[in-house]
Amino acid sequence: MSECVPARRAEGAPLGLLVPFCLGWSSAFAVGKIGLADAPPLLFLAVRFLLAGVILTVAAGGLGHLRRLDRRGWLLLAGLGVVNTALYLGLSFSAMKSASSGMVAIIVSAAPVLTAVASAFFLGETLTLRKAAGLGLGVLGVGLIVRGRLGGGVDDPLGILLALGSVAALSAGALLYKRFAPAAGLVVNGGVQTLAGGLALLPVALLLEDPVSVTPTVSLALSMAYMVLAVSIGSHLLWFALLARTSATVASAYHFLMPPLGLAFGWLLLGETVQPWDLIGILPVAAGIWLVTRPAGGAG
């Protein structure tokens, strides 16, 4: 249930990137929800992005990598940061105020389908019958999980709607990064994007949320530290590395792993209920990932 796809099946995506990316990205929903108990979502995210962005940007400056960016590069990364961080995560964390972390992880995992279809039009990536079948199985698995949860009244429709918006932002961010990101290095690209996302989100958070509602607790501090170091710095750099090493379709296919892993972390850390449909849906999800990410070598 918690294993990532073997490296030899991953079309150039090595196991050393996949395992920490899968675990870090999927755990973010449950760990983030712990922090949301003591802080509103947009303020939590804005502080998280600003801290991570400052750390990465200072590191990039110390390495001398910021000199690789010209004015156009700064503007491109800032725009990408608004989509990849502020919009995507702003919507998904807002969704967790009225939906379970597992449910949000499930919906976000539908991103590969949007990404694959859009990549065929905008990036010229080939959508073979094999990959299309794999994406279809992934959708089937996610659909089974969502059906069971909606039928049980576990999650609020507003939370689900916000999570769907976050999927669109994640897919758009992957395409835009693949098409327009400057070749300045992962630390520069990640740092400027994260910092820009924090700067864009902070005024919106202050307008919509009350800073007085933040309750300083140990659990909030630990949640924030994990989200900054392990997710905003670690997992996001791994995500951009995967995009650089593989096609947008293949890299995005690993988001189908987020339902079982996200549900597992929700159960382990938050005591969230795992439904029977959740377990059934894992099977086509796993089969779909195998079809999308295995090396081409036949009729395809």
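Keep in mind that this is a model prediction, so the values were computed, not measured.

Q: What is the right way to look at a nonpolar patch on the surface in this model?
A: Taken together, Trp267, Leu268, Leu269 and Leu270 make up a surface patch of nonpolar side chains, about 410 Å² in accessible area. With respect to the helices, strands and loops of the structure, Leu269 is situated in helix H11 (residues 258-270). For Leu269, a relative accessible area of 39% gives the class partly exposed.

Q: I keep staring at empty space enclosed by the protein and nothing clicks. Help me out?
A: In the structure shown here, the tally under the stated rule is 1 cavity of 30 Å³ or more. If you add up the space inside the largest cavity, you get close to 80 Å³. Residue lining of the largest cavity: Trp25, Ala28, Phe29, Arg48, Tyr88, Leu89, Ser92, Phe93, Met227, Val231 and His236, and that is the complete set. Going through the elements one at a time, helix H1 (15-36), helix H3 (71-95) and helix H9 (218-245) are the ones with two or more residues in the lining of the largest cavity. Counting residues per element, the lining of the largest cavity draws most heavily on H3, at 4 residues. Grouping the constituent residues of the lining of the largest cavity by class yields 8 nonpolar, 2 polar and 1 charged.

Q: In this structure, what is going on with the nonpolar core? I would like to understand it.
A: The nonpolar side chains of a soluble globular protein tend to be buried with one another. Ranked by size, the top nonpolar core spans 65 residues in total, and within it Phe21, Trp25, Phe44, Tyr88, Phe93 and Val104 carry the most contacts. Listed by contribution, the elements that provide at least two residues to this core are H1, helix H2 (41-62), H3, helix H4 (101-108), helix H7 (157-180), helix H8 (186-208), H9 and H11. When residues in this core are grouped by element, the largest group, 13 residues, is from H9.

Q: Can you help me understand the packing of H2 against H3 in this one?
A: Between two packed helices, the angle of one axis relative to the other and the distance separating the axes together describe the packing. Relative to each other, H2 and H3 sit at 140°, their axes nearing to 9 Å. For the crossing formed where H2 meets H3, the hand is right-handed. Of H3, the residues touching H2 (which contributes Pro41, Leu42, Phe44, Leu45, Arg48 and Phe49) are Thr85, Ala86, Leu89, Gly90, Phe93 and Ser94. Taken together, the residues of the contact of H2 with H3 break down into 8 nonpolar, 3 polar and 1 charged.

Q: How should the environment of Asp38 be read in this particular structure?
A: With respect to the secondary-structure elements, Asp38 resides in the loop between H1 and H2. Note on Asp38: relative accessible area 15%, which makes it buried. Measuring from C-alpha to C-alpha, the distance between Asp38 and Ser213 comes to 7.7 Å, with 175 residues separating the pair along the chain. Once residues lying within four places of it in the same chain are set aside, the contact partners of Asp38 are Ser213, Val214, Thr215, Thr217, Ser219 and Leu220.

Calculation notes
- Residues numbered from 1 in each chain as written.
- Predicted model: local features only at pLDDT ≥ 70, side-chain atom pairs only at ≥ 80, totals over all residues.
- Heavy atoms only, no water.
- Patch = residues over 30% accessible without salt bridge, like charges linked within 9 Å, V, L, I, M, F, W, Y side chains within 5 Å.
- Areas by Shrake-Rupley, 256 points an atom, 1.4 Å probe, with all protein chains shown as cover.
- Salt bridge = Lys/Arg side-chain N within 4 Å of Asp/Glu carboxyl O.
- Helix = DSSP H or I, 4+ residues; strand = E, 2+ residues; numbered from the N terminus.
- Buried < 20%, exposed > 50% of the residue type's maximum accessible area, 1.4 Å probe, protein only.
- 1 Å grid on protein atoms, 1.4 Å probe; cavity = no way out; pocket = protein on both sides within 12 Å on 5 of 7 lines; lining within 4 Å.
- Points joined across faces, edges and corners; volume = space filled by probe spheres on them.
- Nonpolar A, V, L, I, M, F, W, Y, C, P; charged D, E, K, R; others polar.
- Core = buried A, V, L, I, M, F, W, Y, C linked by side-chain atoms within 4.5 Å.
- Axes fitted to C-alpha atoms, helices over the stretch in contact; angles between N-to-C directions.
- Left-handed = near helix turned anticlockwise from the far one by under 90°.
- Contact = heavy atoms within 4.5 Å.

None of this, on its own, says anything about what the molecule does.
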